[in-house]
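Examining the three-dimensional arrangement
Single-letter residue listing:
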Amino acid sequence: VISSLEEAIQVRSTMPGFSADDHPHRRRGANPRHAAGIEFAAADGDGGAPKEGATMALKGSFKVGGQCHFYMETQSVCASQYDGDCWEVVVGDQDSNFTQGCLALILGIPQHKINVKVPRIGGAFGGKLSRHMFGAGAAVVAAKALGRPVRIQNERSDDMRLVGGREPLQFDYSVSFEPSGKLDSNEITMTMDPGWFYGDAAGDMAMAVGWSDNCYSFKKFKVNSQAALTNTLHRTSMRAPGCMQSILAAEVIMEHIAKTVGRPLDEVQEMNFYQVGEQPTTPFGDHIGQDNYNWTIPTLWSQIQKSARYTERKKVVEAYNAANRWTKKGIAISPVKYPMGIDSYSSGALVCIYGDGTVMVSTGGSEMGQGLDTKVALCVASALNVPLARVVVGARETQKIPDNTGTGGSGTSECSCEAAILACQKLVPLLQPYLDQQKDWDTAVAAAIVDKVGLVATGWYNFKKSSNTSAYATYGTAVAEATIDVLTGEVQVDRLDVLMDLGNQLDAAVDIGQLQGGFVIALGYLLTEEQKHDKKGIQLNLGTWDYKIPTAYDIPLEFNVSLLKDSPNPNGIKGSKASAEPAMCLLPSVYLAIKNAIYAARSEKKGNEGWFMLNVPLTPEVIRSTVGVTEEQLTVPT
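Cut-offs applied
- Residues numbered from 1 in each chain as written.
- Predicted model: local features only at pLDDT ≥ 70, side-chain atom pairs only at ≥ 80, totals over all residues.
- Heavy atoms only, no water.
- Helix = DSSP H or I, 4+ residues; strand = E, 2+ residues; numbered from the N terminus.
- Rg over C-alpha atoms; globule rule 2.2 N^0.38 Å.
- Buried < 20%, exposed > 50% of the residue type's maximum accessible area, 1.4 Å probe, protein only.
- Areas by Shrake-Rupley, 256 points an atom, 1.4 Å probe, with all protein chains shown as cover.
- Lys, Arg positive; Asp, Glu negative; His and termini not counted.
- Charge placed at Lys NZ, Arg CZ, Asp CG, Glu CD.
- Axes fitted to C-alpha atoms, helices over the stretch in contact; angles between N-to-C directions.
- Left-handed = near helix turned anticlockwise from the far one by under 90°.
- Contact = heavy atoms within 4.5 Å.
- Nonpolar A, V, L, I, M, F, W, Y, C, P; charged D, E, K, R; others polar.
- Pairing = 2+ DSSP bridges.
- Expected span 1.5 Å × (residues − 1).
- Bend = angle between axes of the 7 residues up to and from the residue.
- pLDDT = per-residue confidence, 0-100.
- Right-handed = clockwise from strand over helix to strand, strands pointing away.

Quick notes on the overall build of the protein chain
- What the protein chain contains, in helices and strands, is 16 helices and 19 strands.
- Scaling as 2.2 N^0.38, a compact globule of 638 residues should have a C-alpha radius of gyration of about 26 Å, and the protein chain matches this with 26 Å.
- Dimensions of the protein chain along its principal axes, counting C-alpha atoms only, are 85 × 55 × 55 Å.
- Here the protein chain holds 638 residues, and the buried ones make up 59% of them.
- Carbon and sulfur atoms make up 52% of the accessible area of the protein chain, which amounts to about 24900 Å² in all.
- In the protein chain, 58 positive and 69 negative side-chain charges are present, and the distance between their average locations comes to 1 Å.

Written as structure tokens, this is what we have:
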């Protein structure tokens, strides 16, 4: 029995070279070829071969654990049969087209006899892309056998067993660089633990690989990938799958380099940013600053250091650590480049205008708390020039919008908005003659209906491919300050400043809420959520009694979120950008702040000041053991 990623690597229970094409849920924005790895060599300014000359090199191995989805509403479904062999299945899912296809196979009937209906979902985070099918399939089989509607709702611990959670990863890296900290080459081997089967991990590995450069320019860049099968639950995609971990690994590597060359980490980070006009092409085919692919990291980096008073607070932290033995502080900064491939979405919308002037919108996206319906309603109200109160967004139904791609990757909201706008653009010319005459929306609608004008239209989103692999990237920076208790290993995030470039927001209030909520999920992954398995591979900590998601006490004491002004996205819907998952990838700021606090604690003992590896999660036990607290230090003097 293999119960952990470490054991799987040790006994070589690995499977290299898998592709995202192996699974129907290819992650939106992820190039399926990247699942098998990438190799890149940048040409110099004259078009020659990569320059040599790096004189320093290092290796390391960084490990991160899994995470349970723990959405508010567990998997639920209600299946009922009507009119002979027709079905309505009300389910919490992220991909109704996938659900419809699977149920058609299970029942042996055509897809048009199955209407999958998705009201507002109580959270999903990737856990309802495919894992809802266990309940949905069982419900239709039972309903057919019993001849009556069947409803299934998972109990929390059963739901955790069923879904599995985020995949653990190990990053083995070998990097070369100049004595100044300037990067040369990087080779990473990513090993992912998908559980007993690799299927759902393929797309997540593609994202882990495709985001692994973060904001940094290498002359040579290579990533190898492999799955390490274990006798544990089959895992699945979870918010910012693979990429949150690989971006954290990128910052771990940068910190290792900074310690090795003896320079401040923020200096090493900044000197290695991509520069427009200087090797602007990423290993994954995006041309920084070209074909409307904007680049605002330098602006964000400069602005947040000023607004967060970063330089001043570093001195305050140093003074605090010099004056305190049993609590230590750390402060750090990190950036994120989050590529968005919205060209991979296929999204539809149906807009109906009724006789009283009200508007009903249906889209192919699942509203699961991310504000999709709110953004769609705002865009429709704006496109039709009607009050927001006159617009309502209905449940997702396959009878209304077929063949829609799944909801995920933070891009469905904007693509659904564009589909709805396109539908409205068909309706506006039909109503304009009546609006010109009547000057009043309700009267104009009534007059058009009398004239038998059909006030219903569909729209379908289809992004025009550019020269870049991704349509655009969302950028952000964060400064985090944290305090550790040296004796207990407990952590308090004292302050977090986040500055994001979200272009022209479709709804700034929704986006800020998504930034905050997404980051708290990431904090849980970093600090409190640890999956434990016994020697048989069975997860031990199920339910809230043993598995600890973040609480109010884990939220930063001061949490400042700002959005970059006057920065429309040239390739975005109404100039917007994706919001939730990119902010989660600013997690390294907190990780590095905690590590700096641990450095301060370790420095109290001579000869203990050097670099060390710090794996995730950072539980109190991990922090305390890394600091090196002895039993004598925990004994109260008599």
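Considerations on the packing of helix α6 (residues 243-261) against helix α15 (residues 588-602)
- At their nearest, the axes of α6 and α15 sit 10 Å apart, and the two run at 35° to each other. Read as a crossing pair, α6 and α15 show a hand that is right-handed. Counted together, I247, L248, E251, V252, E255 and K259 of α6 and P588, Y591, L592, K595 and Y599 of α15 form the full contact between these two elements.
- When the residues that make up the contact of α6 with α15 are grouped by side-chain class, the tally is 7 nonpolar, no polar and 4 charged.

Focus: the sheet that holds strand β14 (residues 391-393)
- Ordered by their spatial adjacency, 4 strands build an open sheet running β14-β13-β12-β16, and the pairing between neighbours is mixed. One side of each edge strand has no neighbouring strand; the edge strands of this open sheet are β14 and β16 (456-461). Across the sheet, the mean angle from the axis of one strand to that of its neighbour is 20°, orientation sign disregarded.
- In terms of strand pairing, strand β13 (residues 359-363) meets β14 through 3 bridges, oriented parallel. Bridge pairing in β14 links M360 to V392.
- Lying on the sheet, helix α11 (residues 412-438) is in contact with β12 (347-353), β13 and β16; it crosses β16 at an angle near 145°.

Side note on α11
- Taking 1.5 Å of rise per residue, the 27 residues of α11 would be expected to cover 39 Å, and the 37 Å separating its terminal C-alpha atoms lies within 8% of that figure.
- Of all the bends found along α11, the most pronounced is centred on L431 and spans about 45°, while P433, a proline, follows it within four residues.
- Among the residues trailing α11, K439 stands out with phi positive, at a value near 65°.

Looking at the confidence of the model for the protein chain
- Counting all residues, the mean pLDDT for the protein chain is 92, and 95% of those residues have values of 70 or more.
- Overall, residues 45-50 carries pLDDT values under 50, and its contacts beyond four positions in sequence, including any with other chains, amount to 7 contacts.

Considering the pairing of β13
- Most of β13 sits inside the fold, with 4 of its 5 residues counted as buried.
- Pairing analysis gives 5 bridges linking β12 to β13, with the strands arranged antiparallel. From the neighbouring strand, V351 faces β13, where its bridge partner is V361.
- Between the end of β12 and the start of β13, which pair antiparallel, lie 5 residues, with G357 showing a positive phi angle near 90°.
- As for the winding sense of the linkage, the β-α-β connection from β13 through helix α10 (residues 372-384) to β14 is right-handed.

Concerning the pairing of strand β19 (residues 558-563)
- Only one face of β19 is buried: it carries F559, V561 and L563, and the other face, with E558, N560 and S562, is open.
- Relative to β19, strand β18 (residues 491-501) is paired through 6 bridges, and the arrangement is parallel. Within the sheet, the bridge partner assigned to V498 lies in β19 and is V561.
- Each parallel crossover has a hand, and the one from β18 via helix α13 (residues 508-527) to β19 is right-handed.

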